[in-house]
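Coordinate inspection notes
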Amino acid sequence: MTPKPAAAAAPVVFEPEFIAGMRQLTEELISFNKVLGLKLVSVTPDEACARLVMKPELIGHFAYQRIHGGAISAALDSIGGVAVMAAIAAKHMDEPLAQRMQRFGRLGTIDLRVDFLRQGIGEAFTVRGQVLRLGSRVASTRMEFLAEDGTLLSTGAAAYIVS
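To keep things clear, this report deals only with the structure shown in the data block. The numbering scheme is per chain: residues are counted from 1 as the chain's sequence reads. Local features in this predicted model are restricted to residues whose pLDDT is 70 or higher, and side-chain atom pairs enter the listing and the counts only when it is 80 or higher, whereas totals over whole chains, interfaces and linings include all residues. Here the side-chain values reflect all heavy atoms present in the structure, with hydrogen atoms and water set aside.

**Some remarks on the pairing of strand 6 (residues 124-134)**
Selection criterion: One bridge is not enough; two strands pair if DSSP finds at least two bridges between them. Strands are runs of DSSP state E lasting at least 2 residues, helices are runs of H or I lasting at least 4, and numbering of each runs from the N terminus.
Across six bridges, the pairing between strand 2 (residues 48-53) and strand 6 is antiparallel. Across the sheet, the residue bridging to R51 is T126, located in strand 6. Pairing of strand 6 with strand 7 (residues 138-147) involves nine bridges; the strand directions are antiparallel. From the neighbouring strand, R133 faces strand 7, where its bridge partner is S140. Turn length for the strand 6-strand 7 hairpin, with the two strands adjacent in sequence and antiparallel, is three residues.

Pasting the structure below:
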């Protein structure tokens, strides 16, 4: 007898209340993200994306109006964390929204690597993150910091404690 192929699982779709909660957490409750001006564009179980508009407080080189490497690092770290939160939430869709959001309380960065590939000069930037592996204790991510035209400016890789 030939075994039947397993039915494909339905893709996880976050409810609007979850997206609103993630936006509030990312943009308002994490104070440093307010300093950066990080705005969440989208969050799915597979990827988180945010936008960062250049402002004088983020300048790292006054002559070139280049964004500071610390701002780039912080934005990459933040979007990596948001991607991990989304992956955790997607894994526990059977739980009520509040219970899923409670799972983020222990999340913290344990390792971060940033590679600066090109100068961060521009009016606005896009930051994307995705989870490579979500384990029971540690999550691994990769992130990108892009110019408005999509040019890759910096990359990041991070590990986060999740329990």
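Next, the rest of the story.
**As for the pattern of salt bridges**
Which entries qualify depends on this criterion: We define a salt bridge as a side-chain nitrogen of Lys or Arg found within 4 Å of a carboxyl oxygen belonging to Asp or Glu. Whether a residue is buried, partly exposed or exposed follows from its accessible area with a 1.4 Å probe, protein chains only, as a fraction of its type maximum: under 20%, in between, or over 50%, in that order.
Counted under the stated rule, the structure contains seven salt bridges. Of the charged contacts in the structure, one is a salt bridge between R23 and E27, with a shortest N-O distance of 3.6 Å. Of this pair, R23 and E27 both sit in helix 1 (residues 16-29), four residues apart, which is roughly one turn of that helix. The exposure class assigned to R23 is partly exposed, which follows from its relative accessible area of 29%. One salt bridge connects R128 with E47, and the closest N-O pair in it is separated by 4.0 Å. Of this pair, R128 sits in strand 6 while E47 sits in the loop between strand 1 (38-43) and strand 2; the two residues are 81 residues apart in sequence, bridging distant segments of the chain. Connected via shared salt-bridge partners are E47, R128 and E144.

**Here we look at the nonpolar core**
Note that soluble globular proteins tend to have their nonpolar side chains buried in a common cluster. Formally: Residues enter a nonpolar core if they are buried and are Ala, Val, Leu, Ile, Met, Phe, Trp, Tyr or Cys, with the set joined through side-chain atoms within 4.5 Å. Note on contacts: a residue pair qualifies if any of its non-hydrogen atoms lie within 4.5 Å across the two residues.
In terms of nonpolar packing, the biggest core is built from 40 residues, with M22, L52, I67, I79, F104 and F145 touching the most fellow members. Listing elements by their share of this core, those giving two or more residues are helix 1, strand 1, strand 2, helix 3 (69-91), strand 6, strand 7 and strand 8 (152-161). If you tally residues by element for this core, the top one is helix 3, at 14 residues. If we skip the residues at most four places from it in the chain, I67 touches L52, M54, L58, G60, I72, G120, F125 and F145.

**Some details on the pairing of strand 1**
Alignment of strand 1 against strand 2, held across five bridges, turns out to be antiparallel. Residue pairing in the sheet places L38 in a bridge with L52 of strand 2. The antiparallel hairpin formed by strand 1 and strand 2 contains four residues in its connecting segment.

**Quick word on the environment of S78**
Assignment of secondary structure puts S78 in helix 3. Looking at S78, the relative accessible area reads 12%, which means it is buried. In sequence terms S78 and I59 are 19 residues apart; their C-alpha atoms lie 19 Å from each other. Leave out the neighbours within four places in its chain, and S78 touches N33 and L38.

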